[in-house]
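Chain by chain, the residues run as shown.
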Amino acid sequence: HHPSIPLFPWPKNTFVDFYIDATNFQGFNNYGFGSKLDEKFKLEIINRERAAYKAAGNIICMCQWAADSVINDYGINPKKVHVVVGGANLEEEFIENKKFVPCPKEPSDSNPLFIGFLGKDWRRKGGEFSLEIVKNLNSLGIRAVLRIIGTRKKDIPNSPFIEYLGFIDKQKDLNKFVNELNSWHFCALFSEQEASPRSNIENIRLGVPIISHDIGGIRSTMIENSYSKLFNPFPSVREVSDWIVSEINPYEKYYQKRLLSKKFSSSITWERELLKIKRIINN
């Protein structure tokens, strides 16, 4: 489940299939993880990774972006490379048995429009841009709030448009986590770089609309028939805000789209995705 594990070369009679969200090449060059590493050492890591991919049975990727890197940056035969996005990191039995409120209330002075932000890295995941969207919506006369889960409080600016929820442990309080996501009108993800974000999958699994842009592997997480909007890379605040305004007017249109999206969400599970992996490995 990592491009460098197990360490290559492997013991005799060892068979390996990979399931990765990004390659080391992407980690070094797109995420910037290798900024403090010696260039020769990075090259050694890439070459060892390439040899491992060539010796492996299958390289299964969580997004097309990673698959393209395996093929183009490492020269691996495309027949060995597959894409399986994966499911939501949510307890399916709980989700299936939970009675959801179908949709948040229509935005008003007493019921603000909730934009959700879910993630640890405020800067890389586009927190400032999401906040600017909320500010712009308020300037247009729509009371809006940015609800934040998972980010360190010290990384977040002080703003009357932010409601900070801290970290919600899904293992201990899944009910609180699910109820919070389900209260959002939209979940925003405008990362500088991203491979295969589970936040998108989790929200789509619950029927919550995603607003994001076409960076890295995000496109692969915008599941077919889900209620989501994929903007061109790095859109303007006004472009995103105008789209949101058009979606909630009239609100009945938004309500119906959300209900329809929820009907398709049951297909976004790890059980179904693992069956895809099983078929790939068995073949």
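As the structure is a prediction and not an experimental result, all values here were calculated from the model.

> Where do I start with helix α6 (residues 174-182) in this structure?
The set of residues buried in α6 consists of Leu174, Phe177, Val178, Glu180, Leu181 and Asn182. Of the surrounding secondary structure, the elements contacted by the buried residues of α6 are α4 (92-97), β4 (113-118), β5 (144-149), α7 (198-205) and α10 (251-264).

> Is there a simple way to think about the packing of aromatic side chains in this case?
For any pair of aromatic rings, the description consists of the separation of the ring centres together with the inter-plane angle of the planes. Scanning the model with the defined rule gives 16 aromatic pairs in all. Ring geometry for Phe190 and Phe231: centres 6.3 Å apart, planes at 40 degrees, overall tilted. Taken as a pair, Phe190 in the loop between β7 (186-189) and α7 and Phe231 in strand β9 (residues 228-231) lie far apart in primary sequence, 41 residues in all. Relative to Trp243, the ring of Phe231 lies with its centre 6.0 Å away and its plane at 85 degrees, an arrangement referred to as edge-to-face.

> Just to check I follow, could you spell out the nonpolar core for this structure?
The nonpolar side chains of a soluble globular protein tend to be buried with one another. In terms of nonpolar packing, the biggest core is built from 28 residues, with Leu113, Leu146, Phe186, Ile211 and Ile244 touching the most fellow members. Listed in part, the 25 residues of the second largest apolar core include Leu118, Leu174, Trp184 and Ile204.

> What am I meant to see in the pattern of salt bridges here?
It is possible for side chains of opposite charge to pair when their charged atoms get near one another. This model, assessed by the stated rule, comprises 17 salt bridges. Across the pair Glu39 and Lys42 runs a salt bridge, and its minimum N-O distance is 2.9 Å. Here Glu39 and its partner Lys42 are both found in helix α2 (residues 39-55), three residues apart, which amounts to about one turn of the helix. Judged by its relative accessible area of 56%, Glu39 is exposed. Residue Lys42 is classed as buried on the basis of its relative accessible area of 12%. When the shortest N-O distance is used, the salt bridge between Lys125 and Glu194 registers 3.1 Å. Of this pair, Lys125 sits in the loop between β4 and α5 (127-139) while Glu194 sits in the loop between β7 and α7, and the two are 69 residues apart along the sequence. According to the relative accessible area criterion, Glu194 is buried, its value standing at 5%.

> Please clarify how the side chain of Ser265 should be interpreted in this entry.
In this structure, Ser265 sits in the loop between α10 and α11 (270-282). For Ser265, a relative accessible area of 1% puts it in the buried group. Of note is the side chain of Ser265, whose polar atom sits 2.9 Å from the backbone oxygen of Arg205. Here Ser265 is in contact with Ile204 and Arg205, once residues within four sequence places are set aside.

What counts, and where the lines are drawn
- Residues numbered from 1 in each chain as written.
- Predicted model: local features only at pLDDT ≥ 70, side-chain atom pairs only at ≥ 80, totals over all residues.
- Heavy atoms only, no water.
- Buried < 20%, exposed > 50% of the residue type's maximum accessible area, 1.4 Å probe, protein only.
- Helix = DSSP H or I, 4+ residues; strand = E, 2+ residues; numbered from the N terminus.
- Contact = heavy atoms within 4.5 Å.
- Phe/Tyr/Trp six-rings, centres within 6.5 Å; stacked < 30°, edge-to-face > 60°.
- Core = buried A, V, L, I, M, F, W, Y, C linked by side-chain atoms within 4.5 Å.
- Salt bridge = Lys/Arg side-chain N within 4 Å of Asp/Glu carboxyl O.
- Polar contact = N/O pair within 3.5 Å; in protein donor to acceptor, adjacent residues only side chain to side chain.

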